[in-house]
Structures are given as structure tokens and as C-alpha cells.
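Chain and residue survey
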Amino acid sequence: MKLFRTIEAVAEGHYCVGDVITFTLNDGEEVEALAVKQEQDGMIFVLVDCLRKEYSMNRTSSNREGYKSCALRKALNTEILDRFPAEIREKMVAFDSGDLLRLPTEREIFGHNPYGEKEPEDVEQWESMKDRRNRIAFQGRQELLRVEQELHPWR
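What you are looking at is a predicted structure, and each value in this text was computed from that prediction instead of being measured. (Residues numbered from 1 in each chain as written. Predicted model: local features only at pLDDT ≥ 70, side-chain atom pairs only at ≥ 80, totals over all residues. Heavy atoms only, no water.)

All right, on to the sheet that holds strand 2 (residues 30-39) then. Taken together, 3 strands build an open sheet; the order of strands is 1-2-3 and the sheet is antiparallel. Looking along the sheet, the strands with just one partner apiece sit at the ends: strand 1 (20-24) and strand 3 (42-47). Strand-to-strand twist in this sheet, taken as the mean axis angle between neighbours without regard to direction, amounts to 40°. For strand 2 and strand 3, the ladder comprises 6 bridges, and the chain directions are antiparallel. Counted as the bridge partner of Ala33 is Leu47 from strand 3. (Pairing = 2+ DSSP bridges. Helix = DSSP H or I, 4+ residues; strand = E, 2+ residues; numbered from the N terminus. Axes fitted to C-alpha atoms, helices over the stretch in contact; angles between N-to-C directions.)

Following this line, the structure appears as C-alpha cells:
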């Protein structure tokens, strides 16, 4: 028999891969972020579920222009980042691109990238993404709670 136990703790700036932090965006939306990769200057987190509002890559909802010049990248680092509480933003460290928020790459999620741009060989699938459930995101946490209630009304 396996036992999985979740404990609640106050993190003093030290996170481990697999930790989940929960916080409320400035507009009241609650989100969870999963620690997925330790880097020298900090931990990379990914949102467990999508935000309620949908954002397109660009006007044609394609990746035709690439990520570097897309509307979604701009939204991530302006209006979406602005929704993060100050206490979270203060802890964020910019990626090499200078962005504080970015999308995970195809290889980081799936372990390979037959469709995306070529990635360096040192980019690997995040360990937590090897579990298929972690590669599935609902449209905002409220949608997840609604689906769980439908599937398990006794909880």
C-alpha cells in the first residue's frame, strides 16, 4: 500500500521539486503553482491549471510568428504578471530572455518536440511532467472544482 501525505508548511524561500504553492491573484482568482525544476538562481514553477481567461498566441490563434514576437508573450509579462501579488513578484527571477513569465517548451512538457522549434539538447522533460495528470490543465481552478464535484458528489 502506498500513502501520499500532503502537509501545509510555511516556506522560507526554499522550495523542493513537487511543492505546490497556492496564492490569490490581485483580481481574486486562486491559482496553484507546481515546482518543476531547480536552477542555480531559483525554482521554476508552472501553473497547475490554466487561468480562467483565455489568451491567444496571436490574432490568428496560431504560432506562425513564433513565441518571441507573439501577443501571448507580451500579455504574460504585462497584464498577467500585473495580476500576481507583490509578494510573489518580488521573489521572481528573470529567465535568460528577461521575461519573468514564460510558456513551458514542448520538450519540457512532453519530453520531445516534433512540432516546435529545435531546442538545445540540455532541455529535458520536467520530472513531474512524466506523470500524464500533470500535463493536463483545466480552464481555471473553479472548472476543476466543478468537475470534481460532478465526478465525486460525496466529497
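There is more to say after this.
A few words now on the nonpolar core. One finds Phe23, Leu25, Ile80, Phe84 and Leu101 to be the most contacted residues of the largest nonpolar core, which totals 19 residues. Contributing elements (two or more residues each) for this core: strand 1, strand 2 and helix 1 (71-83). No other element matches helix 1, which puts 5 residues into this core. Membership of the second largest hydrophobic core comes to 7 residues, among which are Leu34, Val36, Ile44 and Met129. (Core = buried A, V, L, I, M, F, W, Y, C linked by side-chain atoms within 4.5 Å. Buried < 20%, exposed > 50% of the residue type's maximum accessible area, 1.4 Å probe, protein only.)

Time to look at helix 1. Taking 1.5 Å of rise per residue, 13 residues should cover 18 Å, and helix 1 covers 17 Å from first to last C-alpha, within 8% of that figure. At Asn77, helix 1 shows its strongest bend, of approximately 30°. Among all positions in helix 1, only Leu72, Arg73, Ala75, Leu76, Ile80, Leu81 and Arg83 are buried. (Expected span 1.5 Å × (residues − 1). Bend = angle between axes of the 7 residues up to and from the residue.)

With that settled, the discussion passes to the packing of aromatic side chains. Aromatic ring pairs are reported here in terms of the distance separating the ring centres and the angle at which the planes meet. Taken as a whole, this structure holds 2 aromatic pairs when the rule is applied. Between Tyr15 and Phe45, the ring centres sit 5.2 Å apart and the planes meet at 90°, which makes this aromatic pair edge-to-face. Linking Tyr15 in the segment before strand 1 with Phe45 in strand 3, this pair joins segments that are 30 residues apart in sequence. Under the relative-accessibility criterion, Phe45 is labelled partly exposed at 26%. Ring centres 5.5 Å apart and planes at 50° place the aromatic pair Phe23 and Phe84 in the tilted group. Taken together, the residues span a long stretch of sequence, with Phe23 in strand 1 and Phe84 in the loop between helix 1 and helix 2 (86-89) at a distance of 61 residues. For the residue pair Phe23 and Phe84, the accessibility class agrees, reading buried in each case. Here the basic side chain of Arg102 rests over the ring of Phe95, its NZ or CZ set 4.7 Å away from the ring centre. (Phe/Tyr/Trp six-rings, centres within 6.5 Å; stacked < 30°, edge-to-face > 60°. Lys NZ or Arg CZ within 6 Å of the ring centre and 35° of its normal.)

Note: strand 1 against strand 2, 5 bridges, orientation antiparallel. The partner of Thr22 across the bridge, within strand 2, is Glu32.

Turning our attention to the pattern of salt bridges. Per the stated rule, a full pass over the model turns up 7 salt bridges. In this structure, the salt-bridge partner of Glu29 is Arg83, at a minimum N-O distance of 2.5 Å. Taken together, the positions of Glu29 in the loop between strand 1 and strand 2 and Arg83 in helix 1 put the pair 54 residues apart, joining distant regions of the chain. Overall, Arg83 belongs to the buried group, its relative accessible area being 13%. Among the ionic pairs, Lys37 bridges to Glu39, the shortest N-O distance being 3.7 Å. Judged by its relative accessible area of 32%, Lys37 is partly exposed. Here the residues in one salt-bridge network are Asp27, Glu29 and Arg83, joined through shared partners. (Salt bridge = Lys/Arg side-chain N within 4 Å of Asp/Glu carboxyl O.)

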